[in-house]
Amino acid sequence: SAESEEMDETERECVRRGLAPFDSDLPSESTNGIFLDFHLRWNMSRDVCYTGLTDDIESGHIVRMTSNEADDQSAPSTSSICSDDYVFALSAPINEILSSDQPPLASPSPTMVVLCSYDVCLVQTRDIDDLISYARSMQKPALALKYALAHRREVRRHALDQLVDEYFISLLRLGRNRPQRALSYARLKIAAQTMPILLGGDARMWQRWIFLFGRIPGGLFLIRDHIPVRDPALPAFIFEMALEKMLEESCNNILDENGSKNYHLAEKMAGLFLETLRAWGNTYALRRRIQLHRYCTQSQRWNMWLPTSTNQSAPLFIQQAEKDLNRRISQTAFGCLTGMQFSASAMQNTSIRQSLDSSRDALFDIDHLAFRFSQRLHVPDTNDYDNDHLAPAVKIGALDPHLSVVVEALAELELMRERFDQALGYYLALGCHFASDSFSSLEEAAVSTVNSVSQQPESSRHPEGSVIGKYDHVLSLIEIHQLYPILLTRNYNFVDSASDVQIEPPIASLIRLVGLNKAGNFLMESISPPEDTYIDDQNKEKVIYVGANVPLDLVARQLKPRPKLLYWFLYQVFTRKPEIYVKFPTTAVPPKSITDLHRIQFSLFVEFAEENGSGRNTDAASFTEVDRETPFMAFLKAALPHAGVQPENVRQMLESHRGSRIDSPVFARELAFVIEKFGRGTEEDAKEILDLYLRGLQNLYLAVSFAERSKKHTGILWDILVNYCTSPPAPDDAEQQINSGSLFGSLLEAAAHCGADLSSLVSKIPP
């Protein structure tokens, strides 16, 4: 052209460089250097409908789902996710997308002139709405939404809400006309993470998509952390619907398709539901829960401690409660754009920013939700509450396993309503029938705890600390709000329970709920001597003084139907609270209630310590056995002087349990102690004691120690010992034949250890 001929070589080169991005086929000097106008280089198929997809589709970089793949249920989820740019809001900062100025045009489009017989029109060939329309026609809703967000000011024919809806519908595979393919977890996770970014502060859109996620199994569990709790403000029925739907899914997943219990999945879903319920409740309850859990850890309450394997200053549930509280205070619609993260310092800075009445700022109607949940138990929620008296008893209508989630949810709602006695009733009902550990396993552990004490070294006999658990805040709730009377009078009922189901007393339910170790520590701190009671003539029931904590005799009475737990409890009182059980510095005669407990504990020792017995020890080099006591023997030493148990009765009962075999190890040491301390002191008694040590326990050192301290019959006893160690063993006694060679040497060693006269002992050796 004429313009090109007037340019020099430098100017032509600059023009070519400037036009290179728009036309890769720009003619060189060999093509006569003709400069082509834009309208000659412009292409309809490339420029008007260009979306950046053509080259990628031809090169195979973008996977397009064919009709066969749509029908194939086993198609990989990765290809379906990559079929559109669903992760654009997560992969790139949303600020960069919103700050884009120009559409991705391959070349500037010319203004075209359209001639008609009656008019002339100037036409702009393409705008951003054309790009969005073409992306939608290619079934790329994510790309269409990305263009709309990047050029939101130029969009005229499309609504952003509609594009957002199409994005989530395509991502979640909703709609009737879409192929029936399984929804993958990856798609759900992408949708949950992009909801705060794309929905922002639009409360109407949030309501719509919360309801739609509720139709997807498990969908609400994924978006629960992304649902706004402050900005925008959503109506209460949205949160109530979400909680009821989550509760229903939690209950349904306790039993799988085969009818067997899926504890792992059920526990995880129930934990997420309860965590969400607490997070959406009033902030007062959140602060109260943090206080209750921290009360357990401060000053090592009830000997609890945090796991040293983790570098955490608080358990995970305390951290989660603090995170939920911080989100309730500082959550904003634009927080997802600024990348706000929870930190302990942020929690401290915003802790003072709370409503004046934090007990009424729940996101849902607490009373209405409690009524709805109580209907699942087939009993009405009672609201007749008197501030001066305890609330009516908690009533539960069925014992189905899936109702444990409902019972715990009602306990959380009662905490939000500040009805702490009702909340404790639900927790005790939870421990009565819905705790993970059965009463049979708990009782076996209780018996093992007592019987294994004699096998532990002295340094480890004191109760060890235990890690903070799920229900340990119940102990703090009882102590802070002085709910001890509820532990003495059961305030929960199973109104439709079967006749063969045993309703446990509150103390037993508490032990099952928190465990033996923690319950033992709590009871030992709260236990008190037997309190005076009086009979209410009108109600014919014993009334407990409000000032009493947990009287010893009333706890024992509750545990009487569970003798193994009573066996464990009385031993805890005996070892850890001797001043109210076996040591009475202010009186010479113990109370009758205490002596009655001594008789009960003695019978329990005879029943449950029989299998372990005194323990036969064949180790000849064990000097420590002389001073180590069994729990039963320690109890006899402390209780027999108080005359609650008569020594004659003890000897008679122990002999009957041992039978006629002198070599039986059952209660051999206990019987020897009773005969030695409370017997007649005759020669026959001394010989019986020596036989119990030699043949019952087979412990030479105990026998030597007894012979040395029995001054009245020491000569006869030493003769028996020498004869026992030097006489040839019986042919049928294989064990005695093995140890016969070392018995006399062990006798000399034991005698030297006890301070006996070795010269007189050697003189007794037969030639």
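Each remark here, short or long, concerns the structure printed above.
Residues numbered from 1 in each chain as written. Predicted model: local features only at pLDDT ≥ 70, side-chain atom pairs only at ≥ 80, totals over all residues. Heavy atoms only, no water.

S.K.: Sorry if this is basic, but what is going on with helix α32 (residues 592-608) here?
M.R.: Residue pairs three or four apart in sequence face the same way in an α-helix, which turns once every 3.6 residues. Relative to the 24 Å expected for 17 residues at 1.5 Å per residue, α32 spans 24 Å between its end C-alpha atoms, a close match to the ideal helical length. Every buried residue of α32 is listed here: Ile594, Thr595, Leu597, His598, Gln601, Phe602, Leu604, Phe605, Val606 and Phe608. Buried residues in α32 make contact with α25 (439-451), α30 (552-558), α31 (563-576), α33 (631-639) and α34 (647-658). (Helix = DSSP H or I, 4+ residues; strand = E, 2+ residues; numbered from the N terminus. Expected span 1.5 Å × (residues − 1). Buried < 20%, exposed > 50% of the residue type's maximum accessible area, 1.4 Å probe, protein only. Contact = heavy atoms within 4.5 Å.)

S.K.: What is the right way to read the packing of helix α37 (residues 700-709) against helix α38 (residues 714-726) from this model?
M.R.: Helix-helix packing is described using two parameters, namely the angle between the two axes and the distance between the axes. In contact at an axis separation of 8 Å, α37 and α38 are set at 155 degrees when each is read in the N-to-C sense. Taken together, α37 and α38 sit at an angle that is classed as roughly antiparallel. Judged by the twist between their axes, the crossing of α37 over α38 is left-handed. Residues Leu700, Ala703, Val704, Phe706, Ala707 and Glu708 of α37 form the contact with α38, whose participating residues are Thr714, Leu717, Trp718, Leu721 and Cys725. (Axes fitted to C-alpha atoms, helices over the stretch in contact; angles between N-to-C directions. Parallel < 35°, antiparallel > 145°, perpendicular 65-115°, else oblique. Left-handed = near helix turned anticlockwise from the far one by under 90°.)

S.K.: Help me out: how do you make sense of a nonpolar patch on the surface in this one?
M.R.: A surface patch of nonpolar side chains, about 440 Å² in accessible area, is lined by Val113, Leu115, Val120 and Leu122. Breaking the nonpolar patch down by element, the ones donating at least two residues are β1 (111-115) and β2 (120-124). Residue Leu115 is classed as exposed on the basis of its relative accessible area of 64%. (Patch = residues over 30% accessible without salt bridge, like charges linked within 9 Å, V, L, I, M, F, W, Y side chains within 5 Å. Areas by Shrake-Rupley, 256 points an atom, 1.4 Å probe, with all protein chains shown as cover. Salt bridge = Lys/Arg side-chain N within 4 Å of Asp/Glu carboxyl O.)

S.K.: Mind showing me how you'd approach the side chain of Asp324 here?
M.R.: For Asp324, the location among the structural elements is in helix α19 (residues 316-330). No salt bridge is formed by the buried Asp324; its nearest oppositely charged neighbour, Arg224, is found at 6.0 Å. The residues touching Asp324, leaving out its near neighbours within four places in the chain, are Glu275, Ala279 and Leu286. (Lys, Arg positive; Asp, Glu negative; His and termini not counted.)

S.K.: Sorry if this is basic, but what is going on with the pattern of salt bridges here?
M.R.: Any two side chains of opposite charge can pair, on the condition that their charged atoms come close. All chains considered together, the criterion is met by 28 salt bridges. With a shortest N-O distance of 3.3 Å, Arg157 and Asp130 are connected by a salt bridge. You can see Arg157 sitting in the loop between α11 (141-150) and α12 (160-171) and its partner Asp130 sitting in helix α10 (residues 128-137), a full 27 residues away along the chain. The exposure class of Asp130 is partly exposed, given its relative accessible area of 27%.

S.K.: I'm lost on the packing of helix α23 (residues 403-416) against helix α24 (residues 420-433) in this one. Help?
M.R.: Direction vectors running N to C along α23 and α24 enclose 160 degrees, while the axes themselves pass 8 Å from each other. Judged on the interaxial angle alone, α24 and α23 are roughly antiparallel. Note that α23 runs across α24; the crossing there is left-handed. From α23, Ser404, Val407, Glu408, Leu410, Ala411, Glu412, Glu414 and Leu415 reach across to α24, where they touch Phe420, Gln422, Ala423, Tyr426, Tyr427 and Leu430.

S.K.: When you look at the environment of Arg376 in this model, what are you seeing that I'm missing?
M.R.: Examined against the element boundaries, Arg376 turns out to sit in helix α22 (residues 366-376). Considered as a pair, Arg376 and Val406 are 30 residues apart in the sequence and their alpha carbons are 7.5 Å apart. For Arg376, the residues in contact, after removing those within four places along its chain, are Glu244, Leu247, Glu248, Leu403 and Val406.

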